[in-house]
Amino acid sequence: MKKRNRITLCLVAGVLILAVSATAAFGSVNGYAKYKNALKDLALEETNFTAAGQLTMSFDGETIVTMSGDYAHAGADYSSHTRTERGGTVQEEYDTVLNGVNTWFSADKDYYYQSQVDREETNLLGYNQDDEMENRLITFVELAADTVVGDLKNNFVEVGAENGSTLYQVNISQSQVPSLVNAGLSLFAYSMAETNSEPYQVQFEDYDQNAFHYYEETTGETLSDEFKDHYRNGGDDAWYEANEAQLEKFYEVTGECWEDEYYKVLEEKGKGVVYVHPDGSYDYYADNAAFAAAHPEETMDDLYQYVGQDMTLEDVDCTFGVDSQGRLTSNQIQVTFNTTGEDGSHHKMVIAIDLTVKDYGATTVQPLDVGERTEAH
C-alpha cells in the first residue's frame, strides 16, 4: 500500500506541474503571474489555511482511483484526513499534530497512536528559505515554467467572480500544446515501457503477512494479533520496550534472506513476475501484461499499465480563483491524455483535480476524535 500511495502522490505532483506549465503557456502575462504566484505562495509561504480536494483518474471511461482529503494548517499544527478508493478497496487515514502531540489512526483499525513531536511553524512543503539548495531548486522550477511560457499569451479568460474571488478559465486543445510538453510525455512513456518490457520482479500480496508466516513456520511459535498489528502500524516507546526481545528475534529470523527462493525462480526463467501469496505459495507470470490481467487490483495504479508505448496531451481545462490578495481559493483541472498500447491500440486517460482553499489566517486545528478506539501501547 505504501508503494501505491507514493505512486499516486507522484501522479498528483506531476499533473499539477504539467497543468501549471501547459495552461500558463497560453495565459496572458497577468494571468500567468497570478496563477504561478498563487500556487507558489500556497506551497511555500502560507502557514494558516484550510484546504479540501479530490483527484480522480479514469482510463477509457472507467474510474481507476479516487483520492479525497481535507487539510487544516495552523503554524506548527495540522490535521489531515485522506480517503483513497481503488478496485472497491478503501483506505482511510487520519493524522493530527496539535500542541506537540501527533495522533493518528486508520479507519479500519481499533487502535490509535500518539507520540510527542518537536515541530516548529512551517509552510505546506516545509520549505526553508535559509537552505541554499532549496532556493536554487525553486529558482530552477520557476525558470523552467517561464521557458515553457515563452511569448504565448492571451488565452486566459476572466469568467466572473464568486464569493469574493476572481475566476479565470483556460481551455487548451491538442494543437496548442507546446511540442516540448508532448516530447517529454513521449519520452516518459517510452522510458517506462522499456523499463517494464523485461520484468524481473517479486510481488508480495502482503509482505508483512509473508514475514509472519515465515517466522511461525520456522520457529513453531505463533505471533499474537496484537504484535502483528503494532508491527504493521507502529507503537509508542513503551510498546517497543515491552516487546524488544520478541522484535529482535523476529528481525533475526526474517533477516535470513527468505525471499531468495522466489528470486531463484526468476533466475531460472530469465524474467517475469513472481506473485507471492501470504502462505508462501506463488504464481509465475511471464510478463507484466499477464500479471495485470490476473491481478488488476495490484496494478491498477501502476502508471506503466496505462501510458503504453506513447503518450500525448489531448486537452487541458483549467479554472482557478484568486482573492483580492492574490491567494488561491479554488482550482479545477481536467487533463486528458492519448496513450498508445504495446499492441498499437489507442486509449484515453483522464486526470481531474478539484481543490478549494479557504480560511487564510483564521484556521484552527481541532483535536482528533478517535471514537471508541484504544491507544496502542
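Residues numbered from 1 in each chain as written. Predicted model: local features only at pLDDT ≥ 70, side-chain atom pairs only at ≥ 80, totals over all residues. Heavy atoms only, no water.

*Asks:* For this particular structure, what's the right way to read helix H9 (residues 260-269)?
*Replies:* Those residues of H9 not exposed but buried are Tyr 262, Val 265 and Leu 266. When H9 is viewed along its axis, its buried side chains cluster within an angular range of 95° and face the same direction. Of the exposed residues in H9, those oriented more than 90 degrees away from the buried face are Lys 264, Glu 267 and Glu 268. After H9 finishes, the residue Gly 270 shows a positive phi value of roughly 90°. (Buried < 20%, exposed > 50% of the residue type's maximum accessible area, 1.4 Å probe, protein only. Helix = DSSP H or I, 4+ residues; strand = E, 2+ residues; numbered from the N terminus. Arc of directions from axis to C-beta.)

*Asks:* Explain a nonpolar patch on the surface to me, please; I cannot follow it from the model alone.
*Replies:* Together, Leu 137, Phe 140 and Val 141 make up a nonpolar patch on the protein surface, roughly 320 Å² of accessible area in all. Relative to the helices and strands, Leu 137 resides in helix H3 (residues 132-149). (Patch = residues over 30% accessible without salt bridge, like charges linked within 9 Å, V, L, I, M, F, W, Y side chains within 5 Å. Areas by Shrake-Rupley, 256 points an atom, 1.4 Å probe, with all protein chains shown as cover. Salt bridge = Lys/Arg side-chain N within 4 Å of Asp/Glu carboxyl O.)

*Asks:* Where do I start with the sheet that holds strand S14 (residues 346-358) in this structure?
*Replies:* In a beta sheet, neighbouring strands pair by backbone hydrogen bonds and run either parallel or antiparallel. Spatially, S7-S8-S12-S13-S14-S1-S2-S3-S4-S5-S6-S15 is the arrangement adopted by the twelve strands of the open sheet, whose pairing is mixed. Two strands in the sheet have a free side with no partner beyond their single neighbour: strand S7 (157-162) and strand S15 (374-375). (Pairing = 2+ DSSP bridges.)

*Asks:* What am I meant to see in the sheet that holds strand S9 (residues 200-204) here?
*Replies:* Strand order across the open sheet formed by three strands is S9-S10-S11, with mixed pairing between neighbours. Strand pairing shows two members of the sheet lacking a second neighbour, S9 and strand S11 (282-285), which therefore form its edges. Going from strand to strand, the sheet's axes swing by 15° on average, the running direction of each strand aside. For strand S10 (residues 272-276) and S11, the ladder comprises four bridges, and the chain directions are antiparallel. Bridging from a neighbouring strand, Tyr 275 pairs with Asp 283 of S11. Contacting S9, S10 and S11, H9 runs over the sheet at an angle of about 150° to S9. (Axes fitted to C-alpha atoms, helices over the stretch in contact; angles between N-to-C directions. Contact = heavy atoms within 4.5 Å.)

*Asks:* Mind showing me how you'd approach the packing of aromatic side chains here?
*Replies:* The geometry of an aromatic ring pair is captured by two quantities: the separation of the ring centres and the angle between the planes. Counted according to the given criterion, the structure contains 23 aromatic pairs. Ring centres of Phe 204 and Tyr 262 lie 6.1 Å apart, and the angle between their planes is 90°; this geometry places the pair in the edge-to-face category. Within this pair, whereas Phe 204 is found in strand S9, its partner Tyr 262 is found in helix H9, the two being separated by 58 residues in sequence. Phe 204 sits in the buried class, given a relative accessible area of 15%. The interplanar angle of 55° and the centroid separation of 5.7 Å between the aromatic rings of Tyr 285 and Phe 291 together place this pair among those described as tilted. Counting every residue linked through ring pairs, the aromatic cluster contains Phe 204, Tyr 207, Tyr 214, Trp 258, Tyr 262 and Tyr 282. A cation over an aromatic ring shows up here: Lys 269 above the ring of Tyr 284, its NZ or CZ 5.1 Å from the ring centre. (Phe/Tyr/Trp six-rings, centres within 6.5 Å; stacked < 30°, edge-to-face > 60°. Lys NZ or Arg CZ within 6 Å of the ring centre and 35° of its normal.)

*Asks:* Honestly, the pattern of salt bridges in this entry has me stumped. Any pointers?
*Replies:* Any two side chains of opposite charge can pair if their charged atoms end up close together. What the rule picks out here adds up to nine salt bridges. Between Glu 85 and Arg 83 there is a salt bridge, and its shortest N-O distance comes to 3.3 Å. With a shortest N-O distance of 2.9 Å, Arg 136 and Glu 132 are connected by a salt bridge. With Arg 136 and Glu 132 both in helix H3, this residue pair falls four residues apart, about one helical turn. Under the relative-accessibility criterion, Arg 136 is labelled exposed at 58%. Among the ionic contacts, a cluster of salt bridges with common partners joins Asp 206, Asp 208 and Arg 232.

*Asks:* Teacher, can you tell me more about the nonpolar core here?
*Replies:* Among soluble globular proteins, nonpolar side chains are generally buried collectively. Met 57, Met 311, Leu 313, Phe 337 and Met 349 are the most contacted members of the largest nonpolar core, which totals 36 residues. With six residues, strand S12 (residues 310-322) is the single largest residue contributor to this core. Core analysis: the second largest hydrophobic core is formed by 18 residues, Phe 212, Leu 223, Phe 227 and Val 274 among them. (Core = buried A, V, L, I, M, F, W, Y, C linked by side-chain atoms within 4.5 Å.)

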